[in-house]
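# Structural overview
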Amino acid sequence: VLFASPVDWLYVGGGIFDGATQAGSPTGTRGPSTLFGDPSDLLLVAEIGSRRPLPGSRLRRIAFGVAHHTGDFDRVDGSGLAESGATSYYLVLDRRLASRPGAGSPPQAPGEGPGLDGFLQLGSTSDRISAVDLHAGAGLVWTGYLPGREVDHFGVMATWVRFSGPARAAGTYTESYELACEIFYRWHLTPWLRLQPDLQYIVNPGGSGIDDALVGTLRLELAL
């Protein structure tokens, strides 16, 4: 993996990864042999983006990326045919939307401290070889949402995926999409202990025609 910043506001980067999983071989155990013999599939990723491009900017990050896998992929339409290579694209945006001074806290740089942040994620790939060909996600996170709780986080977010037309035509899915909505609160009990209750509602789970699902979790974090 190699990243470079030719100017302060711009970065470019990319990576070459072992793609042997597509051929049924585990990755990470074969050293550099992927580059010299079968299975020789590779996953190539390239990204260009910007972090805080201007002084005082509320933008945290904006990036566009392309990923390409060199392996062979079966089509999802049940035809038994395969295609060589798979390419996908993604866009991410993370921005501070509003700031407020924290009670008794020193002044913060734009995008830091208590305030409201938003993010957006978009991803797309070929509907012929991927059962999910389009993804969109968005969310809002409040830092210091409650008075006196300047480092706690309260968030709402949603993620939506579309099941590809060929996969639905082949009978793999009965629904055209899945939607998951989430709400959470990350409570900093001490500098080393955090508690995060989380509630999710999932529409069309797995696209298989089963009932919508309500899921609750409780996460405990220890920083030792």
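Structure: see above.
One structure accompanies this document, and this report is about it. Please read these numbers as outputs of a predicted model, since none were measured by experiment.

In this section: the overall build of the protein chain. For the protein chain, the count of helices and strands is one helix and 11 strands. For the protein chain, the α and β elements follow one another from N to C terminus as β-β-β-β-β-β-β-β-α-β-β-β. A total of 224 residues make up the protein chain; the buried ones form 30% of that total. Contacts spanning at least 24 positions in sequence make up 48% of the contacts within the protein chain whose residues lie at least 6 apart. Element-wise, carbon and sulfur atoms account for 63% of the exposed surface of the protein chain, whose accessible area totals about 13,200 Å².

Next up on the list: the packing of aromatic side chains. Aromatic rings in a pair are described by how distant their centres are and how their planes are angled relative to each other. For the structure shown, the criterion picks out five aromatic pairs. Taking 4.7 Å as the distance between ring centres and 35° as the angle between the ring planes, the aromatic pair formed by tyrosine 145 and phenylalanine 154 counts as tilted. On the accessibility criterion, phenylalanine 154 (17% relative accessible area) is buried. Among the aromatic side chains, those forming a connected cluster through ring pairs are Trp142, Tyr145 and Phe154.

This brings us to the environment of alanine 82. In this fold, alanine 82 is placed in strand S5 (residues 82–99). The partly exposed category is assigned to alanine 82, whose relative accessible area is 48%. Taking the C-alpha atoms as reference, alanine 82 lies 8.1 Å from isoleucine 129; in sequence the two are 47 residues apart. Residues in contact with alanine 82, not counting those within four places in the same chain, are Phe73, Asp74 and Arg75.

The rules we used
- Residues numbered from 1 in each chain as written.
- Predicted model: local features only at pLDDT ≥ 70, side-chain atom pairs only at ≥ 80, totals over all residues.
- Heavy atoms only, no water.
- Helix = DSSP H or I, 4+ residues; strand = E, 2+ residues; numbered from the N terminus.
- Buried < 20%, exposed > 50% of the residue type's maximum accessible area, 1.4 Å probe, protein only.
- Contact = heavy atoms within 4.5 Å.
- Areas by Shrake-Rupley, 256 points an atom, 1.4 Å probe, with all protein chains shown as cover.
- Phe/Tyr/Trp six-rings, centres within 6.5 Å; stacked < 30°, edge-to-face > 60°.

No statement about biological role is implied by the geometric values presented.
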